[in-house]
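# Coordinate inspection notes
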Amino acid sequence: MSVFVFLEGSEGKIKKSSKEAISYAVEVGKIIGDDEIIAIVLGVYEDTDLEKLGNNGATRVINVNDEKLNENQISIYAQIISEIIQSGSANLVIMTKSSFSDNVGARIAGKTGASIVSNVVSLPDVSSGFSVRKSIFTGKAFATVSLSGEKKVLIIKRNVIELMENGDKADVEKNPIPDNLKFNEKITGLEKAEGDILLDDAEIVVSGGRGLKGPENWGMIEELARALGAATGCSKPVSDIGWRPHHEHVGQTGVKVSPNLYIAVGISGAIQHLAGVNSSKVLVAINEDPDAPFFKAADYGIVGDAFEIIPKLTEKIKSL
Amino acid sequence: MKILVCITHVPDTTAKISFTNDNTKFNEAGIQFIIGPYDDYALAKAVELKDTHGGSITVLNVGEASTEPTIRKALAIGADDAIRINANPMDSMYVAQQIAEIAKQEKYDLILMGRESIDYNNGIVHGIVGALLDMPSISPVMLLDIEGTTAKLAREIEGGKEFLEVELPFVAGCQEPIAEWKIPNMRGIMTARTKPLKVVEPVPFNPASGTVSYESLPEKGSVKLIDPENAEELIDLLKNEEKVL
Ligand SMILES: Cc1cc2nc3c(=O)[nH]c(=O)nc-3n(C[C@H](O)[C@H](O)[C@H](O)COP(=O)(O)OP(=O)(O)OC[C@H]3O[C@@H](n4cnc5c(N)ncnc54)[C@H](O)[C@@H]3O)c2cc1C
Ligand SMILES: Nc1ncnc2c1ncn2[C@@H]1O[C@H](COP(=O)(O)O)[C@@H](O)[C@H]1O
């Protein structure tokens, strides 16, 4: 038996966060006794990049190498993967959570009748049945969920597993594009932040809040982020008033991040903001108000004026 | 245009999350329940679409009788009628099956949901419903305009937006800034009391997953404060103690 992994790419590159799902699948395979890990990649990619998925644990790669799949169309992807699953012998499909994969995973479950669980943060426990831990209440708690269906879709959270690198190469198999596809969604354009580190992929995030007073003061946040190799984020009011783009907004109603280090500057620490950051490894708060609620959640804090503190930190990093 | 809005009944965003019965049950004591914030965006968008295009808005919740005050609030905000499917929403597949069943009978032009529920955070009910009804499902949607039978949308992707077009009918999972949250006015609150709320029994369907137990987040230790005069010390700690730099 084998385990399927759906890998997502963008502009001809497979996402790193997505590759974590292969390494997760390898561990699952060890637990349930399946040693074939099949990665499914749709669209045109370099053969060497596909082979290299072996490095992360894939034994075989199924690639539907067709330009028509270069755009991430939700229903088409789900349809193709559902067919691959139904024709194969695998009962388990794994993918990493993202704004695209959530849709694809959900539709696969709808089409195949698989049990599905999202936001998975642990390897399965198969001591009685099949259960996993998932994050709930926007990071404020966990639930252990058991899945009883024969087919299962697991959508794992990022950073749940270390990306494995063992130097192996995978066999690449090319499948033709099915001819019965119904193209429902027409993608007409993309708008992407260029050259920045994506919030979701970042190991370090520096976020600014209303305490920064205005968009013109973000230069120091960006400079600190650059020095750290970090992505920039913000609180909801900051994106609501248009100081920063919407995709930077972190929290309950925005992006949920789980970096190694999250630095919050001039953010009060409202519970809805904390909900998006509380699975970070180390939390740092910089705020002039010693009673700011962020200090209750943070590991490290500096009580003081961000306009004085941030340049000092940036300088120190640069001197390292 | 006939719009269905699916709403959840969830603890408000500031609620303290704890569990009882040996961590097998969510502790509802002292909790205030609200319409899920993303579902609230879906509802607000439905009200805007109805204002421009006419039509009707039905709100739907899969839940037990205790969710009715939340459903009434949606009626006060602007839905015309409501359906409650009388069941404990056990898992996403179960909820989606129930929603799809209603949608098959009623043939809505548009099904709006939130991008995710804030209790279970699955972000998948809309996708399952879309697949069950064999219609497109798109999430998280930040912009939605409808001209005739074509919708133009923007979907949030990591680090940006994707623009797309799709034909009605379809399912969308909504998030800001699709519309501004609406607050019920006096007239809305008055009329909500008499708007129809139909209770429907669920179709039989065995849930394929179930929650075995819950766990609260471990308590955080106290914060280590650094003297702002020696702010640089933070960097040393992050590098040498925490090893995150
Ligand atoms: C349903 C719902 C969902 C929400 N979702 C989110 C969400 O996803 N994300 C989110 O962020 N918010 C969310 N919010 C809003 C949230 O409740 C807060 O209003 C918001 O997080 C506050 O943003 P802030 O900390 O930037 O601003 P403020 O609360 O105004 O805080 C500014 C802080 O800056 C400090 N400050 C001022 N000047 C300086 C200085 N010179 N140096 C250092 N510090 C300074 C102040 O002491 C203060 O603590 C949501 C609210 C609701 C109701
Ligand atoms: N019990 C329910 N009743 C009605 N709609 C629901 C229910 N659960 C989830 N939904 C809808 O599905 C969306 C996504 O939920 P989820 O997949 O649980 O994150 C929510 O924002 C709601 O619009």
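Definitions and cut-offs
- Residues numbered from 1 in each chain as written.
- Chains lettered and ligands numbered in written order.
- Predicted model: local features only at pLDDT ≥ 70, side-chain atom pairs only at ≥ 80, totals over all residues.
- Heavy atoms only, no water.
- Domains from an automatic or database assignment.
- Contact = heavy atoms within 4.5 Å.
- Buried area = accessible area lost by both parts, 1.4 Å probe.
- Near = heavy atom within 4 Å.
- Polar contact = N/O pair within 3.5 Å; in protein donor to acceptor, adjacent residues only side chain to side chain.
- Areas by Shrake-Rupley, 256 points an atom, 1.4 Å probe, with all protein chains shown as cover.
- Helix = DSSP H or I, 4+ residues; strand = E, 2+ residues; numbered from the N terminus.
- Salt bridge = Lys/Arg side-chain N within 4 Å of Asp/Glu carboxyl O.
- Buried < 20%, exposed > 50% of the residue type's maximum accessible area, 1.4 Å probe, protein only.
- Pairing = 2+ DSSP bridges.
- Axes fitted to C-alpha atoms, helices over the stretch in contact; angles between N-to-C directions.

## What about the domain arrangement of chain A?
Residues and elements named next belong to chain A. The domain architecture assigned to chain A consists of domain 1 (3-175) and domain 2 (199-319). Between domain 1 and domain 2, the C-alpha centre-to-centre distance is 32 Å. At the junction of the two partners, domain 1 supplies 8 residues and domain 2 supplies 10 residues. By the criterion of area lost to domain 2, the three top residues of domain 1 are Thr138, Lys140 and Arg158, representing 59% of everything that side buries.

## A look at the site of ligand 1
Taken together, 28 residues surround ligand 1, and among them Arg210, Ser235, Ser268, Gln272 and Asn287 of chain A come closest. Residues within reach of ligand 1 are spread across chains A and B. Here an oxygen atom of ligand 1 sits 2.7 Å away from a polar atom, N or O, in the main chain of Arg210 of chain A. Within the contact set of ligand 1, a nitrogen atom lies 3.3 Å away from a backbone nitrogen or oxygen of Gly211 of chain A. Burial of ligand 1 by the surrounding chains reaches 81%, relative to a free accessible area of 990 Å². The set of elements that each furnish at least two residues to the shell around ligand 1 consists of helix H6 (236-240), helix H7 (271-274) and helix H9 (306-319) of chain A.

## As for the pattern of salt bridges
Counted according to the given criterion, the structure contains 29 salt bridges over all chains. In this structure, Asp49 of chain A and Lys13 of chain A form a salt bridge, with 3.9 Å as the shortest nitrogen-oxygen distance. With Asp49 of chain A in helix H2 (residues 47-51) and Lys13 of chain A in strand S3 (residues 13-14), this residue pair connects regions lying 36 residues apart in the sequence. Lys182 of chain A serves as the salt-bridge partner of Asp134 of chain B, at 3.4 Å between the closest nitrogen and oxygen. A residue pair is termed interchain when its members come from two chains, as with Asp134 of chain B in the loop between helix H4 (125-133) and strand S9 (137-147) and Lys182 of chain A in the loop between strand S11 (171-175) and strand S12 (186-192). A residue is classified by how much of its surface remains accessible, and Asp134 of chain B, at 47% relative accessible area, is partly exposed. Lys182 of chain A sits in the partly exposed class, given a relative accessible area of 43%. The structure contains a network of salt bridges with shared partners spanning Glu8, Lys15 and Arg158 of chain A together with Glu158 of chain B.

## Overview of the environment of Asp39 of chain B
All names here are of chain B. Mapped onto the elements, Asp39 comes out in helix H1 (residues 37-53). With a relative accessible area of 3%, Asp39 lands in the buried category. As a C-alpha pair, Asp39 and Glu116 span 77 residues in sequence and 8.1 Å in three-dimensional space. Non-local contacts of Asp39, meaning those with residues more than four positions away in its chain, are made with Val5, Cys6, Ile7, Thr8, Gly114 and Glu116. A polar side-chain atom of Asp39 sits 2.5 Å from a polar atom in the side chain of Thr8.

## A few points about the sheet that holds strand S15 (residues 261-265) of chain A
Read from one edge of the open sheet, 6 strands run S14(A)-S13(A)-S15(A)-S16(A)-S17(A)-S15(B), paired in parallel fashion. The strands lining the two open edges of the sheet, one partner per strand, are strand S14 (231-234) of chain A together with strand S15 (224-226) of chain B. For this sheet, the mean inter-axis angle between neighbouring strands, taken without regard to orientation, is 20 degrees. With 4 bridges connecting them, strand S16 (residues 282-287) of chain A and strand S17 (residues 300-303) of chain A associate as parallel partners. Within S17 of chain A, the position partnered with Ile286 of chain A by the bridge is Ile302 of chain A. Along the sheet face, helix H5 (residues 219-228) of chain A touches strand S13 (204-208), S14 and S15 of chain A and points at about 175 degrees away from the line of S13 of chain A. Where helix H6 (residues 233-241) of chain B meets the sheet, its contacts fall on S15, S16 and S17 of chain A together with S15 of chain B, and the angle it forms with S17 of chain A comes to roughly 175 degrees.

## Comments concerning the sheet that holds strand S13 (residues 197-200) of chain B
Sheet strands pair via backbone hydrogen bonds, and the direction of the pair is either parallel or antiparallel. If you walk across this open sheet you meet the 10 strands as S12(A)-S11(B)-S10(B)-S9(B)-S12(B)-S8(B)-S1(B)-S6(B)-S7(B)-S13(B), and the pairing is mixed. Unpaired on one side and paired on the other, S12 of chain A together with S13 of chain B mark the two borders of the sheet. Across the sheet, the mean angle separating the axes of adjacent strands is 30 degrees when strand polarity is ignored. Relative to S13 of chain B, strand S7 (residues 81-86) of chain B runs parallel, the two being bridged by 4 bridges. Within the sheet, the bridge partner assigned to Ala82 of chain B lies in S13 of chain B and is Leu197 of chain B. On top of the sheet, helix H2 (residues 68-77) of chain B reaches strand S6 (56-63), S7 and S13 of chain B; it is set at about 160 degrees to S7 of chain B, its chief contact.

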